[in-house]
Structure formats: C-alpha cells, structure tokens
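Fold and contact review
Read off the chains here:
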Amino acid sequence: MGVMCFQVPRREQLGANAAERAYMAGMEGIPWPSRARWTDQGLEINREVDDSGNLYVPWNVNGYGEITLCTTSLMQRTRPYALDVELARGTLNRVRNQIALWKPAGLQVTAEVVELVHDAGQHFQRAATGQHDPEQAGTAATQSIHSAVRAIEVLMDLYSHQVLQLRHDRNSQLQTVFASNLLNAPVAADRTQLLADTFNAAVVPLSWAHVEETQGHWKWDLYDQQFDWCLQHGLKAMAGPLVQLAEENLPHWVYLWEDDFENLASYILGFVEAATKRFVGQVTIWNCAARMNTTRALSLSEEQNLNLTVRAVECMRSVDPRTPLIVSFDQPWAEYVARQGQDLTPLYFADWLVRAELGLTGFGLEMNLGYWPRGSSGRDMLEVSQQLDRWGALGLPLVIFLTVPSDRTPDPLAAEGIQPVPGPAAHSPSPATQQQIVRQLIPLLLSKQCVHGIVWNQLDDSQTHIFPHGGLFDSRGEAKPVCETLREIRAEHLV
C-alpha cells in the first residue's frame, strides 16, 4: 500500500468535495484505486500501489473557476509535498511539453504564449525555491498556475484556428455530423427553424422504457414522428442508444429478471432487434450501447456488461450490416475507477471491442463536463485534446456527446444524485460560462480529424432529463445564449 501526503495551506483553492474527487494515475492517465482523506498533515492519498504517479485534483484557478489539474509524476516519500507548488510544476510541464511537440510540426506559436510560459516559469522558480515560506511559495505557485492556464487557453485557440484553417483549405465546409438529442418528446413547431439552422442532424433516442413501458406492448409513434421530422427538414438521423442500463432507460418490469442474466439479455436483445428492423434505412448512425462502463442500475458484472454489448452489436449487424454503428462511453477520464476499483476502464473496454472485430465503425464519448457524480470534472482544453488523441489512437472515428451546465440551482426535472460542480461565485455555472466553454470546445473538436460527429446531449430543461440545467432551452422553454454560439459555429464551419 502506498501513502502520499500533500500540504494544502490554502484549502479554499481546492474544488468542492476535493477529497472525494482527487485520484492518482500513471503516465497514461488511468486512475488507480485509491482513497483520499484529510489528516493533520494535509490531504493523504492511500493507494494499492507504491509506484510514482500523478495526482489529479479539482483546483480553483483565479479568473477561470474550477479546473482539474495534475502534478508531474511524483515518487512516494514520507515527507509531504506542497500541493500548490506541485500543481504549478505539473501545469507548466504540460504546456511546455505540448509546445515542444506542436511547434516542430508547424504550429505558429505567438509571442503571447511564449511570454505567458516564461512568466509561469519565473513564478514557479520562486515557488519551488521558496518552500521554506509556505505563504510566499503559495502566492508564487498561484501566479504560475494562472499564467500557465492562460497559456494553455491561448495555445489551444491557436491550435484550433490553425488546424481548422488547414481543413478548410481542403474542404470549404466540414462534413462533421452536428446534432442535438431530441429527447422523448415531439419537436415544438416554434423551435424547428432554430434547430434546422443550428444542426445538420438530430438524435432520436429510442428509449426502451418509452417503447415497451408494458411488457409486450410496443409504442413507436413518438419515434416515428421524430424520424419523419428529420426527413422533412433535411437532417440526418442518429438513433439510440438501444442498450443503456440506466434507471431512466429501463422498463420497470425488467427488474423482475435482474438475477436471471440470460432471460434479461433475451428481452434486451429482443428490443434491439425490433428497433433495428423498424428503422433500418432511416438511420445515418446507430448508437448500439451507451454507458456500459459505468452502469449500475442492474446488478450485472463487468463481464456481463461486456457480453451484453457484444451480443447487441452482433444482433444489430445481423439485421443491418452496412449503417455505421458505434458504442459510446461516459466519463472518459474514468475518475470513478479510483473509488469503484473496476478493471474495465472506458479505453480498455473499447480496445477489447476493436480487437473482437465485431463490425463497429466508431466510438462515442460522453463529455458531461462540470458534473459530479455521473459526469466529469472540468478540464482545460489541452487535457481534452490529449484525451481525444488517446481515443483516436484506436483508429476509429469518434462521436462526442456534450453537456455543460448553465446553472447550479436545484433542478427538479433532472435525475437524482447528480449535480453541477459548484465553482467560485464569479465562475459558478451560468448561461455565460456554458457559452464560453462551448465557444472554446467545439472548434477544438472540429479540428480533430478523428471526430466525425458532435452531439449536444440534452435539448430541453423543461422536460424530464438527466443532467441539471444542461439543455439548450431553459426550464421556461427559452433558448439559452449557447444556441446562438452553436448556430454561428455551424454557419462558419459545417455543411
């Protein structure tokens, strides 16, 4: 068992519930099973291994709000580390290393980035050499982190702009699928033009709970209407996920078979086959299964979840061998592994499916940013870019499913047990912060050639939904400012 301790003189800089959300990982970023707790010395991390590793922790950055930052790889030692100094070292190291990779490849790095990195380095030197005075070192570390985070922001904007320009030189408008999930309700007439102007596709959810609320009685009317709506307005139609073992997607009667896996699987696969047969030919991309890496609504093992995913893909391929088909995963940073100790992280799960040669044509990644639990803590754009590159190495296209909160107040229509992560007052979730994240994130996604689709995961906060305040329309049904940003991005970059 490995134990590491971190002194935190300014605990107010840690994000909410930091001890619950902190974890350690190896160089590949996959969390190790660990527990964090507060002691007299500071934040103590207990691990099952004693290898050197990186600590990831939510940190309040001046001017930016909460971001999950990481240290460099730290060896185990009895003497506590100064957390703020190590986060400054880690953040500066990440941006320096990325510049060293991208600059020889042709990225034009501006003087502003060079100056910010230099400034971060100067402050870090004072922090690292002044640790005999924790207050002075903490001030210098805070300044270093701020400059490094600002450097990352400017660098990633440069990267997105320059790579998108290269892509546009080859194609005036990108073919990337750009969609919103329609949820389980008809599309309101007064939203049709806005959605058609903003997106070139839509997701028809095909929720099993909605279709077969009573065993053996199928109701397809709503989804027939949604497919017709897509056709009438020239939008491509994604469909699914057909298998999603979350409470909101399961008929109540299915729990009778929870302890009988084969019978349970037969009912699930019966729905998969029926849905595929009904809508084959109308679907541009099938989402076969989602969140199988984190699902806990049924007491299935990881092996059973994997087995069910494989059988669902095979079932769909037997009916529709040609239409592109993906399996999607949530929490791609796998923070939950640190507490639950699962063997199959999202990336390992996906790699196994690739090696099985099932006929998958891509993967989906849910980036529900700024939620805990059942979501991912906020990340800077460099960390998002590196995560996409890890998944891109699998060699299959990616579809990114996004949700970002616009408020942190109670949301009675959202799923229980999930909340937006609170940030400092000036950067707490709001329509403005939602819009700002999207303004930076979507161009980055479009710049990645491995990203073939982007989906806004939640249309409307006035309907029953999962993520609080994550919709494009608020609880009164009014469009949020993010809608205009999405419309502008579509007009500038996409068919």
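Before any of the text, the structure's been laid out above.
Read on for an overview of the structure. (Residues numbered from 1 in each chain as written. Predicted model: local features only at pLDDT ≥ 70, side-chain atom pairs only at ≥ 80, totals over all residues. Heavy atoms only, no water.)

1. Focus: the overall build of the chain
Each helix and strand counted, the chain has 14 helices and 17 strands in total. Taking 23 Å as the expected radius of gyration for a compact globule of 495 residues, we find that the chain reaches 23 Å, a close match to that expectation. Across the chain, contacts joining residues at least 24 apart in sequence account for 75% of those joining residues at least 6 apart. Approximately 20,200 Å² of the chain is accessible, and the part contributed by carbon and sulfur atoms is 50%. In the chain, the 38 positive side-chain charges and the 56 negative ones have mean positions that sit 5 Å from each other. (Helix = DSSP H or I, 4+ residues; strand = E, 2+ residues; numbered from the N terminus. Rg over C-alpha atoms; globule rule 2.2 N^0.38 Å. Contact = heavy atoms within 4.5 Å. Areas by Shrake-Rupley, 256 points an atom, 1.4 Å probe, with all protein chains shown as cover. Lys, Arg positive; Asp, Glu negative; His and termini not counted. Charge placed at Lys NZ, Arg CZ, Asp CG, Glu CD.)

2. Let's talk about the sheet that holds strand 10 (residues 236-239)
Taking strand neighbours around the barrel as the criterion, the 8 strands line up as 8-9-10-11-12-13-15-17 in a closed arrangement whose pairing is parallel. The sheet shows a mean angle of 30° between the axes of neighbouring strands, taken without regard to direction. Along the sheet, helix 12 (residues 381-392) contacts strand 12 (325-330), strand 13 (362-368), strand 15 (398-403) and strand 17 (451-456); its crossing angle with strand 13, the most-contacted strand, is approximately 160°. (Pairing = 2+ DSSP bridges. Axes fitted to C-alpha atoms, helices over the stretch in contact; angles between N-to-C directions.)

3. A word on the pairing of strand 12
With 6 of 6 residues buried, strand 12 is to be regarded as a mostly interior element. Handedness of the strand 11 (residues 285-290)-helix 9 (residues 302-319)-strand 12 crossover: right-handed. Looking at chain direction, strand 12 and strand 13 are connected through 5 bridges and run parallel. Bridge pairing in strand 13 places Ile326 opposite Gly362. (Buried < 20%, exposed > 50% of the residue type's maximum accessible area, 1.4 Å probe, protein only. Right-handed = clockwise from strand over helix to strand, strands pointing away.)

4. What about helix 8 (residues 261-279)?
If you check helix 8, its first and last C-alpha atoms are 27 Å apart, about what 19 residues at 1.5 Å a residue would give, namely 27 Å. Lining the buried residues of helix 8 we find helix 6 (208-211), helix 7 (221-232), strand 11 and helix 9. A positive backbone phi angle near 95° is found at Gly281, which sits one or two residues after helix 8. (Expected span 1.5 Å × (residues − 1).)

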